[in-house]
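Survey of secondary and tertiary structure
Here's the letter readout for the chains.
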Amino acid sequence: MDVSFLGGPRPQRGVGVVAPFDFALDRELWRWVPDEISLHLTRTPYVPVEVSLDLARLVSEHETLHEAVRTLNAIAPEVVAYACTSGSFVGGIAGERAMCAAMTRAGAVPSLTTSGALLDALAELDIRRVALVTPYTVSVTRSLEEYVAEAGVSVTGCAYMGLTRHIWKVPYRQVSEMAHKAVRDDAQALFISCTNLPTYDVIPQLEAELRIPVISANQVTMWAALRRLGTRAVGPYQALIDPAARYGPVRPEIPGLPEVRGLPDEEQQQEGWT
């Protein structure tokens, strides 16, 4: 069959994505991407370390980022996104900015990280008080709290799962339960951390239940990358993506939600909240 009259495939604009070696949610990233955009993913080298602060530092070393971005250069993406929350908040705001600079030097294109995109999203939504949900252990969760606080945003509550592996297997039900544990009456938004934690379908449900914007690691990463290209992410009924879905007042009190308590003094590899 002669298809020459079709004129070939439509031109594609590329987003390069550098992900940790254990990243398992490629398909979720694609769900935020419009048809005219292509994602080009590469991964950092494998290291035999479970999810922890040590792993976050290893997968964010500048030499590692340089080599990963170089693998994308032949494809010539217009922007490069580092899709790992812990890897981009472990060094604080200064460390995140240095990562972006290192990636830009390696690829000669604008670069961003998940944690940098998080701060941009909070600014876009004018959020000064945020609740957090993480799949991490206590130490990694506290590092995220410190990063957000450094940006001048108060953490009103934080629920964590204590996981060190297989985060992509967490069901939506558990994400929703942890969200209700974390959100207190004074929270203006909820952030669900970790690019390996599935969130796309649960965001609209949680926004309807909590009556506040709900943003996630993969969502803010794709939102920020596509904004750099002058286009919008695809995310129906998500406040960050669709301004019509944004709520003005904070969430009203919902009877029956569990009290949010402080973190224990010692790390525990189990669910908890602060």
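Residues numbered from 1 in each chain as written. Predicted model: local features only at pLDDT ≥ 70, side-chain atom pairs only at ≥ 80, totals over all residues. Heavy atoms only, no water.

Some details on the overall build of the protein
Along the backbone of the protein there are 10 helices and nine strands. In the protein, which comprises 274 residues, the share counted as buried stands at 54%. When contacts within the protein are restricted to residue pairs at least 6 apart in sequence, those whose partners lie at least 24 apart make up 76%. Entry remark: accessible area of the protein is about 12,200 Å², with carbon and sulfur atoms responsible for 51%. (Helix = DSSP H or I, 4+ residues; strand = E, 2+ residues; numbered from the N terminus. Buried < 20%, exposed > 50% of the residue type's maximum accessible area, 1.4 Å probe, protein only. Contact = heavy atoms within 4.5 Å. Areas by Shrake-Rupley, 256 points an atom, 1.4 Å probe, with all protein chains shown as cover.)

With respect to the sheet that holds strand E2 (residues 37–43)
In space, the four strands of this open sheet follow the order E2-E1-E3-E4, with parallel pairing throughout. Of all the strands in the sheet, the pair left with one neighbour each is E2 and strand E4 (111–113). The mean angle between the axes of side-by-side strands here comes to 25°, regardless of whether they run parallel or antiparallel. With four bridges joining them, strand E1 (residues 13–19) and strand E3 (residues 79–82) adopt parallel strand pairing. Note on E3: the bridge partner recorded for valine 18 is tyrosine 82. Relative to E4, helix H5 (residues 92–107) is tilted by about 145°, and along the sheet it contacts E3 and E4. (Pairing = 2+ DSSP bridges. Axes fitted to C-alpha atoms, helices over the stretch in contact; angles between N-to-C directions.)

So, the layout of surface pockets
If a probe as big as a water molecule is rolled over the atoms, it shows which places are left empty. If you add up the space inside the largest pocket, you get close to 210 Å³. Lining the largest pocket are 15 residues, with Asp22, Val49, Glu50, Thr164 and Arg165 sitting closest to its centre. Residue composition of the lining of the largest pocket, grouped by class: nine nonpolar, three polar and three charged. (1 Å grid on protein atoms, 1.4 Å probe; cavity = no way out; pocket = protein on both sides within 12 Å on 5 of 7 lines; lining within 4 Å. Points joined across faces, edges and corners; volume = space filled by probe spheres on them. Nonpolar A, V, L, I, M, F, W, Y, C, P; charged D, E, K, R; others polar.)

Let's talk about the environment of glutamate 50
Tracing the backbone through its elements, the reader meets glutamate 50 in the loop between E2 and helix H2 (53–58). Classification of glutamate 50 by relative accessible area gives partly exposed; the value is 37%. Separated by 28 residues in the primary sequence, glutamate 50 and aspartate 22 place their C-alpha atoms 9.7 Å from one another. Residues contacting glutamate 50, with those up to four places away along its chain left out, are Leu55, Thr164 and Arg165. There is a polar contact of 3.3 Å between the side chain of glutamate 50 and the side chain of threonine 164. (Polar contact = N/O pair within 3.5 Å; in protein donor to acceptor, adjacent residues only side chain to side chain.)

Examining the nonpolar core
Ranked by internal contacts, the top residues of the largest apolar core, which has 86 residues, are Val15, Val130, Leu190 and Ile215. The dominant element in this core, judged by the number of residues it contributes, is helix H10 (residues 217–228), at seven residues. Residues contacting valine 130, with those up to four places away along its chain left out, are Leu122, Val148, Val153, Ser154, Val155, Thr156, Gly157, Ala189, Leu190 and Phe191. (Core = buried A, V, L, I, M, F, W, Y, C linked by side-chain atoms within 4.5 Å.)

Observations regarding the confidence of the model for the protein
When pLDDT drops low, the exact placement of atoms in the prediction is not to be read closely. Of the residues in the protein, 87% have a pLDDT of 70 or more, and the chain-wide mean is 90. In this model, residues 249–270 is a region of pLDDT below 50 whose contacts with residues beyond four sequence positions or in other chains number 54 contacts. (pLDDT = per-residue confidence, 0-100.)

Observations regarding the pattern of salt bridges
Across all of its chains, the model carries eight salt bridges by this definition. For arginine 13, the salt bridge is made with glutamate 78, and the minimal N-O distance between the two is 2.8 Å. Residue arginine 13 is located in strand E1, and its partner glutamate 78 is located in the loop between helix H3 (62–70) and E3; the two are separated by 65 residues in the primary sequence. One salt bridge connects arginine 173 with glutamate 177, and the closest N-O pair in it is separated by 4.0 Å. (Salt bridge = Lys/Arg side-chain N within 4 Å of Asp/Glu carboxyl O.)

Describing the packing of helix H6 (residues 114–124) against H10
As a packed pair, H6 and H10 sit with axes 8 Å apart at the nearest point and diverge in direction by 80°. Comparing their axes, H10 and H6 come out roughly perpendicular. Here Thr114, Ala117, Leu118, Asp120, Ala121 and Glu124 of H6 come into contact with H10, specifically with Ala217, Val220, Thr221, Trp223, Ala224 and Arg227. Residues that form the contact of H6 with H10 fall into these classes: seven nonpolar, two polar and three charged. (Parallel < 35°, antiparallel > 145°, perpendicular 65-115°, else oblique.)

Notes on the packing of aromatic side chains
Ring pairs (aromatic) are described by centroid distance and by the angle formed between their planes. Applying the stated rule across the entire model yields four aromatic pairs. Look at phenylalanine 21 and tyrosine 46: their rings are 5.1 Å apart centre to centre, the planes differ by 80°, and that puts the pair in the edge-to-face class. With phenylalanine 21 in the loop between E1 and helix H1 (26–31) and tyrosine 46 in the loop between E2 and H2, this residue pair connects regions lying 25 residues apart in the sequence. Overall, tyrosine 46 belongs to the exposed group, its relative accessible area being 61%. With 6.4 Å between their ring centres and 40° between their planes, phenylalanine 89 and tyrosine 147 make a pair best called tilted. Of this pair, phenylalanine 89 sits in helix H4 (residues 85–89) while tyrosine 147 sits in helix H7 (residues 138–150), and the two are 58 residues apart along the sequence. (Phe/Tyr/Trp six-rings, centres within 6.5 Å; stacked < 30°, edge-to-face > 60°.)

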